[in-house]
Amino acid sequence: MSDAAVAPKPAIGTFERYLSLWVAACIAVGIMLGYALPGLFAFIASAEVARVNIVVALLIWLMIVPMLLKIDLGALGSVRRHWKGVGVTLFINWAVKPFSMALLGTFFLGYLFRPWLPDAEIGSYIAGLILLAAAPCTAMVFVWSNLCDGEPNYTLSQVALNDIIMVFAFAPLVALLLGVASITVPWDTLLISVLLYIVVPVIAAQFIRRALLGRGGQPALDRLLAPLGPVSLIALLTTLILLFGFQGEAIIAHPLVIALIAVPILIQVYFNAGLAYWLSRRFGVAWCVAAPAALIGASNFFELAVAAAISLFGLGSGAALATVVGVLVEVPVMLSVVALVKKTRPWYERPLPT
């Protein structure tokens, strides 16, 4: 593992220890504020470019730049020894997740939950789930990887590879699963999201990293990273309040529909994370790679999914609502996956039976 992967983590004590409680509180606060102050959240939501919210983008920068500061781009070549981990994640993202979501959505929403859902919207809900599953996560993966002490160079390499594949594979994959001859890919959303969430923070972080190392070496970098740990988590919690606040009225108005749509998403997340984690163990992948591999395999690029749903089906469609449900469950569910992979590390590193 590179030195970047074992950089000292900032000690944030009680704040980090009770992160799940802060997450639950932020969810409740976000829903209440969104319902009580819809005008304020509508104003914040309107600050966007190509359906990419600028406020959320700034918060994501605060979340991921501290993680990116730990990455030495010169050590990226070492990720080649983790090719099995890369292969596992690519298999989950592109050969399993979109198809398993189509099956889960059809079973739960099209059959099991049909009596409790508006019949005219069921097909649209399933389409939204497929759009969500066909777009693997980008920037937020850095947060999950950092929380579980994942190998940062592997995470950056995997995210960059997924972004490249997504440019070419997203449209035909969605067209295949939705049975649409041609789909309208929101290229502006895709490209601007990659630019804002990956390219700009990576360049900024490397500029700051090199400047600090040039002036004061590793101690100077560590002094900066220490206070940035809490800032990163506060930005994560603030993002959570905003995401739930944006949909506060919808959650309160349609709680049953949202809860039912969330079921296949939850199963999908845990299934893909578990499969990626198990395959990584079977192939002898180091835990520091298997943990982020499970997280990358399970999470979604919800900004692209929401934009594609709006472009294809309209703002008030069931597809748009389904992708928004994906946004709502993303953070708390992925935090639970982080906790699971950390708790099971002793099992993972135990030798396989011969």
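Residues numbered from 1 in each chain as written. Predicted model: local features only at pLDDT ≥ 70, side-chain atom pairs only at ≥ 80, totals over all residues. Heavy atoms only, no water.

Asks: Can you help me understand helix α4 (residues 54-68) in this one?
Replies: Every α-helical turn comprises 3.6 residues, leaving residues that sit three or four positions apart pointing alike. Taking 1.5 Å per residue, 15 residues should reach 21 Å; α4 reaches 20 Å between its end C-alpha atoms and fits that length. In the structure, α4 departs most strongly from a straight axis at Leu62, where the bend amounts to approximately 30° and where the proline Pro66 lies between one and four residues downstream. Burial in α4 covers these residues: Val56, Ala57, Leu59, Ile60, Met63, Ile64, Val65, Pro66, Met67 and Leu68. (Helix = DSSP H or I, 4+ residues; strand = E, 2+ residues; numbered from the N terminus. Expected span 1.5 Å × (residues − 1). Bend = angle between axes of the 7 residues up to and from the residue. Buried < 20%, exposed > 50% of the residue type's maximum accessible area, 1.4 Å probe, protein only.)

Asks: For this particular structure, what's the right way to read the nonpolar core?
Replies: Side chains of nonpolar character tend, in soluble globular proteins, to be buried together. Ranked by size, the top nonpolar core spans 120 residues in total, and within it Trp144, Phe170, Tyr197, Ile261 and Ile265 carry the most contacts. If you tally residues by element for this core, the top one is helix α9 (residues 187-246), at 17 residues. (Core = buried A, V, L, I, M, F, W, Y, C linked by side-chain atoms within 4.5 Å.)

Asks: Where do I start with the packing of aromatic side chains in this structure?
Replies: Here the distance between the centres and the angle between the planes together describe a pair of aromatic rings. Applying the stated criterion across every chain yields a total of seven aromatic pairs. Note on Phe108 and Phe113: the rings are 5.5 Å apart at their centroids and 45° apart in plane angle, and the pair reads as tilted. Judged by relative accessible area, Phe108 falls into the buried class, the value being 11%. Judged by centre distance (6.4 Å) and plane angle (70°), the rings of Trp347 and Tyr348 are edge-to-face. (Phe/Tyr/Trp six-rings, centres within 6.5 Å; stacked < 30°, edge-to-face > 60°.)

Asks: So what exactly am I meant to see when it comes to the side chain of Ser145 here?
Replies: With respect to the element layout, Ser145 can be found in helix α7 (residues 140-147). Filtering out sequence-adjacent residues up to four positions away, Ser145 remains in contact with Gly150, Glu151, Thr155, Pro292 and Leu295. (Contact = heavy atoms within 4.5 Å.)

Asks: How do you make sense of unusual backbone geometry when you look at a structure like this?
Replies: With the exception of glycine, the majority of residues adopt a negative phi angle, and the majority of peptide bonds are in the trans configuration. If you check the backbone angles, Asp149 has positive phi at about 60° while not being a glycine. Within the secondary structure, Asp149 is located in the loop between α7 and α8 (152-178). Overall, Asp149 belongs to the partly exposed group, its relative accessible area being 32%.

Asks: Which parts of the structure should I look at to understand the side chain of Glu151?
Replies: Summarising the element assignment, Glu151 is placed in the loop between α7 and α8. Among the residues examined, Glu151 registers a relative accessible area of 1% and is labelled buried. One polar contact links the side chain of Glu151 to the main-chain amide nitrogen of Asn153, over a distance of 2.8 Å. (Polar contact = N/O pair within 3.5 Å; in protein donor to acceptor, adjacent residues only side chain to side chain.)

Asks: Is there a simple way to think about the confidence of the model for the chain in this case?
Replies: Detailed conclusions should not be drawn from predicted coordinates in areas where pLDDT is low. Residues at a pLDDT of 70 or more form 89% of the chain, whose mean pLDDT is 82. Confidence over residues 1-12 falls short of pLDDT 50; this stretch has 25 contacts with residues more than four positions distant or in other chains. (pLDDT = per-residue confidence, 0-100.)

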